[in-house]
Every structure is written in C-alpha cells, then in structure tokens.
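These are the residues of each chain, in order.
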Amino acid sequence: KITAVSPISFRKPHMDELKTLQTLFVDTIKSVCHKDYTPDQIKAWTASIENPQRWNDLLNDQYVLVAEKNNTIVGFASLNEKDYIDFFYIHKDYQRQGIAKQLYEKIETEARLRGATILLSDISITAKPFFESRGFCAIRKQNNEVRGAVLVNYKMTKPLIT
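Computed from a predicted model, the values in this text were never measured in an experiment.

### Focus: the layout of surface pockets
Thinking step 1. Here the largest pocket defines a volume of roughly 1100 Å³.
Thinking step 2. Counting residues per element, the ones that place at least two in the lining of the largest pocket are helix 1 (18-32), helix 2 (39-46), strand 4 (84-90), helix 4 (99-113), strand 5 (118-124), helix 5 (128-133), strand 6 (137-146) and strand 7 (149-159).
Thinking step 3. For the lining of the largest pocket, a count of residues per class yields 24 nonpolar, 11 polar and six charged.

### So, the packing of helix 1 against helix 3 (residues 52-61)
Thinking step 1. In contact at an axis separation of 11 Å, helix 1 and helix 3 are set at 115° when each is read in the N-to-C sense. One way to sum up the angle between helix 1 and helix 3 is to call them roughly perpendicular. In the crossing of helix 1 with helix 3, the sense of the turn from one axis to the other is right-handed. On helix 3, the residues that touch Leu18, Leu21, Gln22 and Phe25 of helix 1 are Trp55, Asn56 and Leu59.
Thinking step 2. Looking at the contact of helix 1 with helix 3, its residues break down into five nonpolar, two polar and no charged.

### Concerning the sheet that holds strand 1 (residues 9-11)
Sheet strands pair by backbone hydrogen bonding; their relative direction is either parallel or antiparallel.
Thinking step 1. In spatial order, the strands read 1-2-3-4-5-7-6; together these seven strands make up an open sheet with mixed pairing. Both outer strands of the open sheet, strand 1 and strand 6, are each paired with one neighbouring strand and no more. Sheet twist, expressed as the mean angle between neighbouring strand axes with direction ignored, is 25°.
Thinking step 2. Where strand 6 lies against strand 7, nine bridges are found, and the strand directions are antiparallel.

Parameters at a glance
What you see as residue numbers is a count from 1 along each chain, following the sequence as written. Under the rules for a predicted model, residues below a pLDDT of 70 receive no local features and side-chain atom pairs below 80 are neither given nor counted, while totals for whole chains, interfaces and linings still include all residues. Water and hydrogen atoms play no part in the side-chain values, which are based on all heavy atoms of the structure. Only protein atoms enter the 1 Å grid used here. Points where a 1.4 Å probe fits but cannot escape make up a cavity, open sets with protein on both sides within 12 Å along at least five of seven lines make up a pocket, and a residue lines them when an atom lies within 4 Å of a point. Grid points are joined across faces, edges and corners, and a volume is the space filled by probe spheres set on the points. Helix numbers and strand numbers start at the N terminus; a helix is a DSSP run of H or I with at least 4 residues, a strand a run of E with at least 2. Only Asp, Glu, Lys and Arg are considered charged, only Ala, Val, Leu, Ile, Met, Phe, Trp, Tyr, Cys and Pro nonpolar, and every remaining residue, Gly among them, polar. Fitted lines through C-alpha atoms give the axes, limited to the stretch in contact for helices. The angle between two N-to-C directions lies from 0 to 180 degrees. Throughout, the term roughly parallel applies to angles under 35 degrees, roughly antiparallel to angles over 145, roughly perpendicular to angles from 65 to 115, and oblique to all others. Crossing handedness is read from the near helix: turned anticlockwise from the far helix by less than a right angle, it gives a left-handed crossing, and turned clockwise, a right-handed one. Throughout, a contact is declared for two residues whenever any of their heavy atoms are within 4.5 Å. Two strands form a pair only when DSSP identifies at least two bridges running between them.

The structure is reproduced here in structure tokens:
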C-alpha cells in the first residue's frame, strides 16, 4: 500500500493554541527525554506550564513558528530576540520525520533576517546530537536547579557565516 506523504506547513501560532503547545511540550519531554532525565527532573522541567506569564511572553514577545501536518501541530520553535532559540519541540508521535530539520532551517533563516551573526541555545541532553548535526558546538555543560531537581543541559552556539 502506498500512502502519500503529507507536506509540513509552517505558520505563527494563534493565542488560542497555547494549551496545544503546552501539551505538546509536556508530552514530548515525558516520552522523548525519559532516557536522559529522571521522572523528578522531567516533572521539574515540565512544571513551567504552571507559569502563565512565561507562556504568554513566549507568544507575545518571541518569534514562534509551528509546524503543522494534516491540520495538526506537530512541532514548534521560538527565537527570542534575534539569536536565541528558546523553545524547540517536535511532537512525540512525529519524531524522526525531518520536521525538526525543516523547522530549524526556518528559525535559522529568521535569525539571519534579523541580523544575527550567531545562534545560541540551552540544549537538553536529548536534543544535543540534533543541534550538533546542525553545526552547533557545546560551550559548557550546565547544571540548573529547577524546583529542587538538577537538570543538565548544554550552552551551545553556532556562528552564522554569511
């Protein structure tokens, strides 16, 4: 049986899609990052959805793109200011389909349009190989205390050569 591959489209999210983004965020972390983080670490990490200001600021102050397939949001990423990737999540059921690569390319293009000469991000253990494959290098390993749990991530950077 041959099935047609649905294209991925990209757009800015609507404010009424905030809960959808939060659910995708939590579900992705719980299912994709469980090999690299303990249940307590995941609970601390996902607790940020309890901070409505953080999420409203995301949609109001950052450049956010959602990836959509068959009218379903399958990922989202954000660029804070011109050079910091803040959020970058692909739906747990849509991993390893090239969506992250396409979404990343759109975010990098936007950063370049905004005049960025470098991209920065704080990257999870789980996402580190993906970002390395996009040309990022780890500057340092970080131990962040969040709600009593220590979350390891990496400060990573990529020069944008024009």
